[in-house]
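What follows is each chain in one-letter form.
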Amino acid sequence: MVNDSLTLKIQRIEKSRINQVDWDNLPFGRVFSDHMLVMDYENGEWNEPEIVPFAPLSLHPATSAIHYGQSVFEGMKANKDEDGNVLIFRPDLNAKRFIESCERMCMPTIPEDVYTELIKRTVDLDRDWIPNKEGYSLYIRPYMFAIDDFIGIKPSDKYKFVIFTCPVGSYYSEPVNVKIEEHYTRAASGGVGRAKTAGNYAASLYPAKLAKEEGFHQLIWTDAAEHKYIEESGTMNVVFEIDGKLVTPAEDVDTILKGVTKRSVVEIAKHWGVEVEERKVSVEEVVEALREGRVTDAFGAGTAATIATIAKIGFRGELFELPSVESRVLSNKVKAYLTDLKAGRVEDEMGWLVKF
Ligand code: COI
């Protein structure tokens, strides 16, 4: 059930675009549902939220987020169970991360329960846009940005919060090849690497472009100080299976995004009795294990990427090929479990789903 106590204006679309969607050919992030939620912050408080037809936003040319980067966003997914109930995966963790990002970027926050309710209301109105096909979901994109029309460096006084949704297929359509990056840096300690802020993604584009020219889909970032430790992959966190243990960089640093999918993988694996090590993971140990054939699985974990098999890892001109996708027992099992859980086909033992 959605909570009736939150007041919200709704302006419905006159004619839905849903019949124009090619449901068998859904690229990631290019098809948008009928409505979006908009809520403005001014004079120290949030105005009443409003759901309106999905349409371009009109912005002042001096909108401060465009110049100075006060902008944060989130991503989560909704699916339907066989009875037509909507299931949203771990919005509580998502809300907490959104709040942390806002605080780091000097932006106002939205209480966790209000954030979740706004997500539910937006998804509920466009619930027909949730794809019914295996491997497809409704991607939910909440974001906030500074809207002062002012040239100068200071936290904005006014902000816009928006939620829109899009039916999506896979972010990666094939197993990914990643390169361990030792020159460019995603985030330095003390910086904004833990925040889901737009600039982190902009900063990764140039190094990722160079890696693409070498045939890689993505980078594995290393720490800014020494380039000795694995951090994350930008679009997803990274997890290795080495000597039968799951090994992944700990998130007790301020340079890695706290991944909801990664957290879920760690919790599921532990629940299944798999040994998990969340700690500093050195490039040296991963490369040594790759050379010795002790890396039996490697994958990215992210909301958009879900569980993305890593096929090849590049390091200093060497290319390490990992075992075949079919042989990846753990990541295949986790992926299947998460897919079933999100579609309501297995019991939600951990209480991760919000259902309405
Ligand atoms: C997500 O996983 O939700 C992200 O925001 C990452 C981006 C590659 C779409």
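Up top is the structure.
Residues numbered from 1 in each chain as written. Predicted model: local features only at pLDDT ≥ 70, side-chain atom pairs only at ≥ 80, totals over all residues. Heavy atoms only, no water.

## Structural notes on unusual backbone geometry
Right, so step 1: Positive phi, close to 50 degrees, is recorded for Arg 90, a residue that is not glycine.
Right, so step 2: Along the chain, the position of Arg 90 falls in the loop between strand E7 (86–89) and helix H2 (91–104).
Right, so step 3: A positive phi is found at Asp 243, a non-glycine position, where the angle reads about 50 degrees.
Right, so step 4: In this structure, Asp 243 sits in the loop between strand E12 (237–242) and strand E13 (245–249).
Right, so step 5: Taking the relative accessible area as the measure of exposure, Asp 243 reaches 47% and is therefore partly exposed. (Helix = DSSP H or I, 4+ residues; strand = E, 2+ residues; numbered from the N terminus. Buried < 20%, exposed > 50% of the residue type's maximum accessible area, 1.4 Å probe, protein only.)

## Description of the packing of aromatic side chains
Right, so step 1: Across all of its chains, the model carries 19 aromatic pairs by this definition.
Right, so step 2: Between the aromatic rings of Phe 54 and Phe 164, the centroid separation amounts to 5.8 Å while the plane-to-plane angle is 85 degrees, which identifies the pairing as edge-to-face. With Phe 54 in the loop between strand E4 (50–53) and helix H1 (64–68) and Phe 164 in strand E9 (residues 159–168), this pair connects stretches of sequence that are 110 residues apart.
Right, so step 3: For Phe 54, a relative accessible area of 26% puts it in the partly exposed group.
Right, so step 4: Aromatic side chains Tyr 143 and Phe 145 sit 5.9 Å apart centroid to centroid with 10 degrees between the ring planes, which places their arrangement in the stacked category.
Right, so step 5: When its relative accessible area of 18% is taken as the criterion, Tyr 143 is described as buried.
Right, so step 6: Site record: aromatic cluster; members linked through ring pairs are Tyr 41, Trp 46, Phe 98, Tyr 115, Tyr 159 and Phe 161.
Right, so step 7: Directly above the ring of Phe 150 sits Lys 154, whose terminal nitrogen or CZ lies 5.3 Å from the centroid.
Right, so step 8: Residue placement shows Lys 280 over the ring face of Tyr 229; its charged tip is 4.4 Å from the ring centre. (Phe/Tyr/Trp six-rings, centres within 6.5 Å; stacked < 30°, edge-to-face > 60°. Lys NZ or Arg CZ within 6 Å of the ring centre and 35° of its normal.)

## Some details on empty space enclosed by the protein
Right, so step 1: By the definition in use, this model includes one cavity of 30 Å³ or more.
Right, so step 2: Taken as a whole, the largest cavity holds about 70 Å³ of empty space.
Right, so step 3: Taken together, Gly 75, Met 76, Lys 77, Phe 89, Asn 94, Val 260, Thr 261, Thr 303 and Lys 342 make up the full set of residues lining the largest cavity.
Right, so step 4: Contributions of two or more residues to the lining of the largest cavity are made by strand E6 (76–80) and helix H5 (260–271).
Right, so step 5: Its residues assigned to classes, the lining of the largest cavity comprises three nonpolar, four polar and two charged.
Right, so step 6: Each of domain 1 (9–169) and domain 2 (176–341) gives at least three residues to the lining of the largest cavity. (1 Å grid on protein atoms, 1.4 Å probe; cavity = no way out; pocket = protein on both sides within 12 Å on 5 of 7 lines; lining within 4 Å. Points joined across faces, edges and corners; volume = space filled by probe spheres on them. Nonpolar A, V, L, I, M, F, W, Y, C, P; charged D, E, K, R; others polar. Domains from an automatic or database assignment.)

In short, shape yes, function no, at least from these values alone.
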